[in-house]
Amino acid sequence: MPKLITQVGCPYCGSSCDDIEVLVSDDGTKILEVHNACIIGTNLFFHANDSTRPMLPRMRQPDGSMKEISFEEAVDWTAKTLLAAKKPLIYGFGSTNCEGMSAVGRVAEKSGAVLDNCASICHGPSFLAIFDNGYPSCTLGEVKNRADVVVFWGCNPMHAHPRHTSRYSIFPRGFFTQKGQMQRTIISIDPRQTDTAKLADIHYMLDQGHDYELFDAFRTVLRGHDIPDVVAGCKKEDIIRGATAMKKARFVMIFFGMGCTHTDGRNHNIDIAISLTRDLNSYTKASIMAMRGHYNIAGPGQVWSWQFGFPYCIDLSKGTHAHMNPGETSSIDLAMRDEVDCFVNVGTDAGAHWPIDAVKHVKKHPFITIDPNYCMASEISDLHIPVRIAGVDEGGVVYRMDNVPIQFKAVLKGLSGVPSDEELFDMIYERMCQLTKTEPVWLAAKEDRKYPVKV
Ligand code: SF4
C-alpha cells in the first residue's frame with residue numbers, strides 16, 4: 001500500500017513550508033504524489049525519483065573524462081587534498097541540513113579553511129547592516145496574525161517564494177487579521193511590474209538602483225518634513241500616501257530581497273530599511289525581515305555563529321581563532337584575488353551562480369563538489385561526491401527565513417551506500433585525523449552514527 005506522509009518540509013525556498021504531503025510507493029523508494037507544494041517544490045520532490053541520480057563519486061581522469069570511484073577513495077582524496085592546501089575555501093550550504101553544517105566545522109578547522117555560505121552572494125549585505133543597526137524582526141506567524149500593511153521591497157515572492165503570500169503575508173486569515181487580504185494594504189517597491197506588484201494596492205515603480213533615496217524620502221515624510229516633487233522616479237503624493245498608510249497601520253511588515261542587496265548601496269539599503277522600521281516604531285508596531293532564499297540558508301548563520309561566533313566568511317586559516325571580514329574573507333573576493341588553493345562546493349552550484357571570472361580562478365586549483373545531483377559545478381569538478389537529499393531522503397533541522405527551526409523528515413529510503421552530508425564530513429574528518437595522527441574531537445559523542453567507518 002502506498003503511504004501518505006504528512007507534515008513534510010519542502011527543501012527549496014526560505015518559506016520552508018512544512019505542510020507538504022507526499023504519497024510514497026509501498027517499498028519507500030518512489031514518490032507518487034505531492035500535495036500542497038508549489039510547482040517548484042513539487043518538481044524538487046519528483047526529481048528525487050530520477051533513476052540517473054549519481055550513486056558513486058566520480059573522479060576526473062587525465063583525458064578529461066569522469067570515472068566512478070568508491071566512497072573510500074573519494075574520502076581519502078578529499079582529506080589529502082584539504083590537508084595539502086594552504087588555504088582551502090569550503091562554500092555553499094544553502095541546501096543541506098544543520099547536521100551537515102555542524103559536521104563541516106571540524107573539517108574546516110582541521111584544514112585551516114575559509115568557511116562560507118551562499119549568504120556571501122545573497123543576503124550577506126543584510127548581515128552587515130544588521131551588525132551595524134540591529135534587526136527589529138519577528139516570526140512569520142506574527143505577520144500572519146497581525147500585519148495589516150505589508151511591504152515587499154525589492155522582492156518578488158510570487159516567483160521566488162511562491163507560497164509565502166498564501167501562508168504568511170497576504171492571503172491568510174490570522175488571529176487579528178480575520179479578513180485576510182481584505183484587511184491588508186500591500187505595497188510593492190520594484191522597478192518592474194512583477195506578479196507581486198500586480199497584487200499590490202500601491203506599486204512604486206522606482207528607478208533601478210535608487211532605493212536608498214526612496215527609503216530616505218519615506219523617513220523624511222514620516223518625520224514631518226518636505227521632500228522634492230519626485231524622488232527616485234516616484235511622485236511626492238504617492239510617497240506621502242504610502243508613508244501615511246504605514247503610520248496608520250497597526251502592524252507594518254517590511255520584507256526585502258535582492259532588489260536591495262544586489263543594487264547600488266547594498267548593505268546601506270538595508271541599514272536605512274532598518275532605520276525606517278525603527279522610525280515607524282515611534283508611531284506603530286513595525287518589523288522587518290530578509291527574504292532568505294534557500295530553505296536552510298538561515299541555518300549556517302545559526303550553526304556557525306554558535307560554533308565560531310560568525311555567520312559567514314569565516315577564516316580559520318590562523319589555526320587559533322576565527323576571523324571574519326566580508327570583502328576580505330568572502331568567497332568571491334578570495335577567488336578573484338587568487339587567495340585560495342582548493343575549492344569545495346557543497347549543496348550549491350557555484351559553477352552556475354558565481355561570476356564566470358571567479359569560477360575560472362578557483363578552477364585553477366583542486367575543485368570538489370559535494371551534491372546529490374549533477375549540476376554545472378559537478379561537471380567542472382575534479383571530484384564529485386554524491387550525498388543524500390536533505391528533506392527528501394535525509395531528515396534534519398532547518399531554519400526558516402525567520403530563524404524558526406523546523407525538523408524536516410526523510411520521505412524516501414536513501415540510495416544504497418550514499419551518505420548524508422554529515423556522514424561524509426565525519427568520514428573526511430576522521431580520515432584527516434588518521435593522516436595527521438591526531439585524535440578526533442567530538443566524534444566519540446556520536447554513538448549513534450549510522451555509517452561504518454571503513455577508511
Ligand atoms: S513556497 Fe518554497 S518551501 Fe513552499 S512549497 Fe514552494 S518552493 Fe517549497
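So, here's what we can say about the structure. (Residues numbered from 1 in each chain as written. Predicted model: local features only at pLDDT ≥ 70, side-chain atom pairs only at ≥ 80, totals over all residues. Heavy atoms only, no water.)

Observations regarding the overall build of the protein
Part 1: Secondary structure assignment for the protein yields 18 helices and 21 strands.
Part 2: The C-alpha atoms of the protein give a radius of gyration of 23 Å, which matches the 23 Å a tight globule of 455 residues would have.
Part 3: In terms of overall dimensions, the protein has a C-alpha envelope of 70 × 55 × 40 Å along the principal axes.
Part 4: Sequence separation of 24 or more characterises 66% of the internal contacts of the protein that already satisfy a separation of 6 or more. (Helix = DSSP H or I, 4+ residues; strand = E, 2+ residues; numbered from the N terminus. Rg over C-alpha atoms; globule rule 2.2 N^0.38 Å. Contact = heavy atoms within 4.5 Å.)

Digging into empty space enclosed by the protein
Part 1: Per the stated rule, a full pass over the model turns up 1 cavity of 30 Å³ or more.
Part 2: Looking at the largest cavity, its volume works out to about 80 Å³.
Part 3: Lining of the largest cavity is provided by Cys10, Tyr12, Cys13, Ser15, Ser16, Cys17, Ile20, Ala37, Cys38, Pro162 and Arg163.
Part 4: By residue class, the composition of the lining of the largest cavity is 8 nonpolar, 2 polar and 1 charged. (1 Å grid on protein atoms, 1.4 Å probe; cavity = no way out; pocket = protein on both sides within 12 Å on 5 of 7 lines; lining within 4 Å. Points joined across faces, edges and corners; volume = space filled by probe spheres on them. Nonpolar A, V, L, I, M, F, W, Y, C, P; charged D, E, K, R; others polar.)

Notes on the site of the ligand
Part 1: The full set of residues close to the ligand is Cys10, Tyr12, Cys13, Ser16, Cys17, Ala37, Cys38, Gly41, Pro162 and Arg163.
Part 2: Of all the cavities here, the one that holds the ligand is the largest cavity.
Part 3: Tallied by class, residues from the shell around the ligand come to 7 nonpolar, 2 polar and 1 charged. (Near = heavy atom within 4 Å. Sits in = over half its atoms within 2 Å of the grid points.)

Notes on the side chain of Arg292
Part 1: Position of Arg292 among the secondary structure elements: in the loop between strand S14 (285–290) and helix H13 (298–308).
Part 2: The buried charged residue Arg292 lacks any salt bridge, with Asp116 as its nearest oppositely charged partner at 9.5 Å.
Part 3: When residues no more than four places from it in sequence are discounted, the contact partners of Arg292 are Gly14, Ala119, His123, Phe127, His161, Ile297, Ala298 and Met401. (Buried < 20%, exposed > 50% of the residue type's maximum accessible area, 1.4 Å probe, protein only. Lys, Arg positive; Asp, Glu negative; His and termini not counted. Salt bridge = Lys/Arg side-chain N within 4 Å of Asp/Glu carboxyl O.)

Re the packing of aromatic side chains
Any pair of aromatic rings gets described here by the distance separating the centres and the angle formed by the planes.
Part 1: A full pass over the atoms with the stated rule returns 14 aromatic pairs.
Part 2: Here the aromatic rings of Trp153 and Phe218 are separated by 6.0 Å at their centres, their planes lie at 70 degrees, and the arrangement is edge-to-face. One end of the pair, Trp153, is in strand S8 (residues 149–153); the other, Phe218, is in helix H9 (residues 211–222), with 65 residues separating them in the sequence. Like Phe218, Trp153 is buried.
Part 3: An aromatic cluster is defined as three or more aromatic residues linked by ring pairs; in this entry it consists of Tyr91, Phe343, Trp354 and Phe367.
Part 4: Positioned above the aromatic ring of Tyr429 is the side chain of Arg106, whose terminal nitrogen or guanidinium carbon lies 5.9 Å from the ring centre.
Part 5: Sitting over the face of the ring of Tyr283, Lys247 holds its NZ or CZ atom 4.5 Å from the ring centroid. (Phe/Tyr/Trp six-rings, centres within 6.5 Å; stacked < 30°, edge-to-face > 60°. Lys NZ or Arg CZ within 6 Å of the ring centre and 35° of its normal.)

Some thoughts on the environment of His164
Part 1: Its place among the elements puts His164 in helix H7 (residues 164–169).
Part 2: Apart from residues no more than four positions distant in its own chain, His164 is found in contact with Ser15, Leu140, Phe152, Pro157, Ser169, Phe255, Met291 and Met401.

A word on the sheet that holds strand S9 (residues 185–189)
Part 1: With parallel pairing, 5 strands are arranged side by side in an open sheet as S10-S9-S8-S13-S14. Each having just a single partner strand, strand S10 (202–204) and S14 make up the two edges of the open sheet. Sheet twist, expressed as the average angle between the axes of neighbouring strands with direction ignored, equals 15 degrees.
Part 2: Relative to S14, strand S13 (residues 251–256) is paired through 6 bridges, and the arrangement is parallel. Paired with Ile254 across the bridge in S14 is Ile288.
Part 3: Here helix H10 (residues 236–248) sits on the sheet in contact with S8, S9, S10 and S13, set at roughly 130 degrees to S10.
Part 4: Running over the sheet, helix H12 (residues 267–280) touches S8, S13 and S14 and is turned about 160 degrees from S14. (Pairing = 2+ DSSP bridges. Axes fitted to C-alpha atoms, helices over the stretch in contact; angles between N-to-C directions.)

Remarks on unusual backbone geometry
Part 1: Of note, Phe93 is a non-glycine position whose phi angle comes to about 70 degrees, a positive value.
Part 2: Its location among the elements puts Phe93 in the loop between strand S6 (88–92) and helix H3 (98–111).
Part 3: Under the relative-accessibility criterion, Phe93 is labelled buried at 0%.

Remarks on the pattern of salt bridges
Part 1: Applying the stated criterion across every chain yields a total of 19 salt bridges.
Part 2: One salt bridge connects Arg106 with Asp426, and the closest N-O pair in it is separated by 2.9 Å. Taken together, the positions of Arg106 in helix H3 and Asp426 in helix H18 (residues 421–436) put the pair 320 residues apart, joining distant regions of the chain. The two residues Arg106 and Asp426 agree in class, both being buried.
Part 3: It is possible to trace a salt-bridge network through shared partners that takes in Asp18, Asp19, Arg163 and Arg167.

Focus on helix H1 (residues 39–47)
In an α-helix, one full turn covers 3.6 residues, which means residues spaced three or four apart are oriented alike.
Part 1: Those residues of H1 that fall on the buried side of the exposure criterion are Gly41, Thr42, Leu44 and Phe45. Within H1, the buried residues cover an arc of 160 degrees as seen down the axis, which keeps them to one side.
Part 2: Of the surrounding secondary structure, the elements contacted by the buried residues of H1 are strand S1 (3–8), strand S2 (20–24) and strand S3 (31–35). (Arc of directions from axis to C-beta.)

Things to note about the sheet that holds strand S19 (residues 383–385)
Part 1: Strand order in the open sheet made by the 9 strands is S5-S4-S19-S18-S17-S6-S7-S15-S16, with mixed pairing throughout. In this open sheet, the two edge strands, each paired with only one partner strand, are strand S5 (66–68) and strand S16 (323–324).
Part 2: Examined bridge by bridge, S6 and strand S17 (residues 342–346) share 5 bridges and lie parallel to one another. The residue bridging Pro88 from the neighbouring strand is Cys342, located in S17.
Part 3: Against the sheet, H13 touches strand S7 (114–117) and strand S15 (314–315), its axis set at about 155 degrees to S7.
Part 4: With respect to the sheet, H18 is in contact with S17, strand S18 (367–370) and S19, its orientation differing from that of S18 by roughly 140 degrees.

Bear in mind that shape data such as this cannot, by itself, settle questions of function.
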